Amino acid sequence: MQSKGAIRFLAIAFAVACIFQLSFTWVSRNVESNATEFANGFANDKEAKKQTYLDSMQGQYVYNSGFKKYTYRDVKERELNLGLDLKGGMNVTLEISLVDLIKNISNNPQDVKLNAAIARAIEMQKNSQENFVTLFGKAFNEVAAGQKLATLYTTLELKNRVTFQSTNDQVLAVINEEAKGAIDRSFNIIRSRIDKFGVAQPNIQLLGNSGRILVELPGVKEPERVRKLLQGTANLEFWETYDNQKDNIANLLVEANKKIAALRKANGTEEIKDTTAVATTETKDTATVAKTGLAALKAEKKGPMSKADSTQKLRDENPLFQYMQPAVYQTEKGFMAGEGPVVGMSAIKDTAKINELLSDARVKSVFPRDLRFLWNAKTVDKEGQFLQLVAIKASSCDGKAPLDGGAIADASGDYGQNGAKGEVSMAMSPDGAQIWKRLTKDNIGKSIAIVLDNRVYSFPTVQAEISGGRSSITGNFTINEAKDLANILKAGKMPAPARIVEEAIVGPSLGKEAIGSGMLSFGIALALVLVFMAFYYAKAGWVANLALITNVFFIMGVLTSIGAVLTLPGIAGIVLAIGLSVDANILIFERIREELNKGTALANAISDGFKGAMSSILDSNITTLLLGVVLFLYGTGPVKGFATTLIIGILTSLFSAIFITRLVFEYMLRKNQDISFSTPATKSLFSGVNINFVGSRSKYYMFSGAIIAAGIISFFVRGFDYGVDFEGGRSYQVRFDNVVAAQDVRTALTPVLESAPEVKTFGGDKQVKITTTYLIQENTEAADATVEAKINEGLAKTGLKYDIVSSQKVGPTIADDIQKSALYAVLLSCVIMFLFILIRFQKWQYGLGAVLALVHDVAIVLSVYTLLHGILPFSLEIDQHFIAAILTVMSYSMTDTVVVFDRIREYLSEKGKNNVYGTEKKSVINYALNATLSRTVLTSSTIFIVLLAIFLFGGEVIRGFSFALLVGIVIGTYSSICIATPIVIDLDNSEEKEETKAEAELAVK
């Protein structure tokens, strides 16, 4: 093997990099373990105490890599991401309402023909993959033939872009630009909101050009709050402010602090209640307020006192300032209040407590009636722990901001005049410009706060009156922050509302169960494979085991480093990667055993074995890699998760099976160690096997045909058990404390849902899965709340305690898109497979045979699902996870088929050189099939062992998924030998025709 030193260096470097990436997961788990241990010391509310501990650790350094220190927040961002199906949380797909956009930017949203065209476009969208704006243009030409779109879109906002002379195509181009801008701005708003939501490792991404935004929030427990957060309209406002020093706010905060202390003392508790007496307050200068909060306030203690008593006294006397550091600074004359609208600073975890204290009516009476406190949107420290509190002046009679986001016509972010920092340039509408002129004139020398969703983004000081409606916002912005803020300003009026079209919620208990059962099943499966390889290949098997463990380690390291998410379909990708790794070693070992049986010396046998197997290994892995790339580019959700781990697994499998195994063998040879490739029990297995596969092909056709025919009949009689993914609707997994009958639950829910929902026992007699289409056409927050309330109302009638452990919602439009994307992914995969095999084997018969075998495999698995759904005691739904399973089966089947074809091609190329295989083509093919039988059976057996362990121990959520894989692996193994190759033989009869023609000519002569 050439360049052994370089390969050795690469392997070591790769391993070190993976260790470093995975170390963040280990550190994160260690911190969380400490949090659990801390929470166990409290009898009540352990989860809240655990979260308090973790919040306090956000900015603390918990890991020193030797090159850099990392806080807990940094570590959490770099740990291995687990999907919601493994961790629990909420997955939401938002669709930007282009219908509302098209209406809102027109000059007459109530126009009859405009609304008729929109309605027609909605109908056309059901059977089209074109974007909605294009469909709207076609629909408008139908319902308003001869009318120009320009008559509806010559508005002030679209001035100079749409004129009365603009063609319909030009107007549609402008609408498309507006749609793209609205989607981008909505994405920025949603990202900004989620960043402030405090979720660890959120995943927010635009889904191509679909106008949809995917939001994954692991660990959230307040779905209603998330829905409001995501679907609410952005609220941009410009406010006047109070000055902390000039308007005496600092002193008023001292008064508030005293009043809170007096209220608590009168009540004898730390809580403020309405029954408390209001103590009289006395004026006190801000010099008595500590610069750094509680710690510095110790200067106030008088007389000897223990440390504990001193701390408690300070807390009692300063209930507000123990959470908030006031905006004061120390001078030679004492403490002075800082200038500007910032009145204090607090740790993020304490902001809720401060809001509670300052919201009490008796405390608010200390301050001016038009004073409001809002928190800054950006932290002020490097660790990201502290926020500033800003004093807002709501001086208008209605309490509303003097200027809102509707006044912003345009905004852009760029470098400022000094070129180092970013700034935001704004252009306002004419009405907004007049208000802005008056507002800046009245506040020269003061600050104006720019607020989005009750968070202060900036509070620039006005230097002079600003006329013309143009101004800029400067601050400590990077260029990216300036651009983001510009996008937020532009999105102030949210021209295109966002609606939830798909939603999945997995409860933390279910996610925890999935992790536990998933790890157990995977551990058992891996152990069984290791034992099997060691039993069959003796010492060489242990070398393969080392490569296998290394491969899994590399996959996890790469997943962590690229921030990928590990899901249940992702586990399927890893399973297939394990199969590919084992398959590569089996191909190599079987070749080495063939060479050893010929009497070749060990070193030469190893070298020849690697060379002989290389073609099959590369062909099979490249085929599967192409499939993975197609699925990654065109798949969604679980399919993309499967594709990600599959692609990574293929690359790491090749490296582990080819290079690491070879390096170990080279080392053992240098040390003159004996390397055995079989045990006494396995040495003669498969030797002398001679099954007439070719001659029995008609029997295989009949067997497969019978199953597929039965499946077709069952499909028309019974159909499939479609999941919510494919039909649309809402699904709830409910766990009861006692045994419950599905019929009883259905009976209780039917009246409240106005029709009978589908209720199935799911993973035991205490758990059911409820699916309903009630209000599924309504993509509103109110509809979501209504359906959930109805479900709870119906479940309450059962009289049993219950817990909704997971839920899923899929709108009808997205269900249709999921079906289409799944179909296109499967069809495109088949085309790619055909083209690759055609190029590689230079015969269309091989490509068509392989693709027909794939169609055969899919048809068999679908037949099994329609024949057995409702009979087996677990779910056999056709959903996105099933599609991922089908694609896994296709990948394995294609890999197996390519290996068989490769051996056939090799033997056919040697025909005529000797008569070892016989002279007839069918005899040669039959010999090749028997020669690959050991590899085929061994590889499928190892993968089957893995899947069987996952099926038995992986939990109910993954059981139907793993069952599809089990069936598929068996069928894929069968089809590669008994279907794909016979089809090639029947398609490729050219040689037989030539032989018949030659015999006829000879007879004539």
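Residues numbered from 1 in each chain as written. Predicted model: local features only at pLDDT ≥ 70, side-chain atom pairs only at ≥ 80, totals over all residues. Heavy atoms only, no water.

## Points about the overall build of the protein chain
Scanning the protein chain for helices and strands turns up 31 helices and 27 strands. Across the 1005 residues that make up the protein chain, the buried fraction comes to 52%. Put simply, of all contacts in the protein chain between residues at least 6 apart along the chain, 73% involve residues at least 24 apart. Surface summary for the protein chain: the accessible area is close to 45700 Å², and the carbon and sulfur share equals 56%. (Helix = DSSP H or I, 4+ residues; strand = E, 2+ residues; numbered from the N terminus. Buried < 20%, exposed > 50% of the residue type's maximum accessible area, 1.4 Å probe, protein only. Contact = heavy atoms within 4.5 Å. Areas by Shrake-Rupley, 256 points an atom, 1.4 Å probe, with all protein chains shown as cover.)

## Thoughts on a nonpolar patch on the surface
Residues Leu520, Phe944, Leu948, Leu952, Phe953 and Val970 make up a contiguous nonpolar surface patch of about 490 Å² in total accessible area. Ranked by residues supplied to the nonpolar patch, first place goes to helix H29 (residues 933-953) with four residues. When you line up the elements, Leu952 lands in helix H29. By relative accessible area, Leu952 is classed as partly exposed at 48%. (Patch = residues over 30% accessible without salt bridge, like charges linked within 9 Å, V, L, I, M, F, W, Y side chains within 5 Å. Salt bridge = Lys/Arg side-chain N within 4 Å of Asp/Glu carboxyl O.)

## Digging into the sheet that holds strand E4 (residues 89-96)
Here eight strands make up an open sheet; going across it, the order is E5-E6-E4-E20-E26-E23-E25-E24 and the pairing antiparallel. Edge positions in the open sheet fall to strand E5 (203-206) and strand E24 (758-761), since each of these has one partner strand only. On average, each strand axis in the sheet is tilted by 20° relative to the strand beside it, whichever way the strands run. Sheet topology places strand E23 (residues 729-736) next to strand E25 (residues 767-772); six bridges connect them, and they run antiparallel. Bridge pairing in E25 places Arg735 opposite Gln767. (Pairing = 2+ DSSP bridges. Axes fitted to C-alpha atoms, helices over the stretch in contact; angles between N-to-C directions.)

## Looking at unusual backbone geometry
The bulk of non-glycine residues show a negative phi, and the bulk of peptide bonds are trans. One non-glycine residue, Asn248, lies in positive phi territory at about 65°. With respect to the element layout, Asn248 can be found in the loop between strand E7 (236-241) and helix H11 (249-267). Phi at Gln842 takes a positive value of approximately 60°, unusual for a residue other than glycine. Take Gln842: it is sitting in the loop between helix H25 (812-841) and helix H26 (844-868). Given a relative accessible area of 68%, Gln842 falls into the exposed group.

## Details of the packing of aromatic side chains
Inspection of every chain in the model, using the stated rule, returns 31 aromatic pairs. Taken together, a centroid distance of 5.3 Å and an interplanar angle of 35° make the contact between Phe38 and Tyr53 tilted. With Phe38 in helix H1 (residues 4-39) and Tyr53 in helix H2 (residues 46-56), this residue pair connects regions lying 15 residues apart in the sequence. Judged by centre distance (5.4 Å) and plane angle (20°), the rings of Phe841 and Tyr846 are stacked. No difference in accessibility class separates Phe841 from Tyr846, as the two residues are buried. Members of the aromatic cluster, connected to one another through ring pairs, are Phe532, Tyr536, Tyr537, Phe589, Phe610, Phe665 and Phe677. Against the face of Trp239 rests Arg372, its NZ or CZ located 5.0 Å from the ring centre. Directly above the ring of Phe610 sits Arg662, whose terminal nitrogen or CZ lies 4.8 Å from the centroid. (Phe/Tyr/Trp six-rings, centres within 6.5 Å; stacked < 30°, edge-to-face > 60°. Lys NZ or Arg CZ within 6 Å of the ring centre and 35° of its normal.)

## A word on the pairing of strand E26 (residues 802-810)
For a regular strand, the rule is simple: side chains alternate between the two faces of the sheet. Where strand E20 (residues 498-506) lies against E26, five bridges are found, and the strand directions are antiparallel. Among the inter-strand pairings, Ile505 is bridged to a residue of E26, identified as Ser807.

## A few points about the packing of H1 against H2
Between two packed helices, the angle of one axis relative to the other and the distance separating the axes together describe the packing. Running from N to C, H1 and H2 point in directions that differ by 135°, and their axes come no closer than 8 Å. Between H1 and H2, the interaxial angle falls into the category oblique. Judged by the sense of rotation from one axis to the other, the crossing of H1 with H2 is right-handed. Contacts between H1 and H2 involve Val31, Glu32, Asn34, Ala35, Thr36, Phe38 and Ala39 from the first element and Lys46, Lys49, Lys50, Tyr53 and Leu54 from the second. A per-class count over the contact of H1 with H2 returns six nonpolar, two polar and four charged. (Parallel < 35°, antiparallel > 145°, perpendicular 65-115°, else oblique. Left-handed = near helix turned anticlockwise from the far one by under 90°. Nonpolar A, V, L, I, M, F, W, Y, C, P; charged D, E, K, R; others polar.)

## Notes on the side chain of Glu590
With respect to the helices and strands, the residue Glu590 is situated in helix H18 (residues 568-597). The contact partners of Glu590, leaving out residues within four places of it in the chain, are Tyr536, Tyr537, Ser934 and Leu938.

## As for the packing of helix H21 (residues 697-717) against H26
Between H21 and H26, whose axes approach to 8 Å, the crossing angle comes to 50°. What the angle tells us is that H21 and H26 run oblique. When the axes of H21 and H26 are compared, the crossing they make is left-handed. Contacts from Ser704, Ile707, Ile708, Ala710, Gly711, Ser714 and Phe715 of H21 reach H26 at His856, Ala859, Ile860, Ser863, Thr866 and Leu867. Along the lines of polarity and charge, the residues of the contact of H21 with H26 split into seven nonpolar, six polar and no charged.

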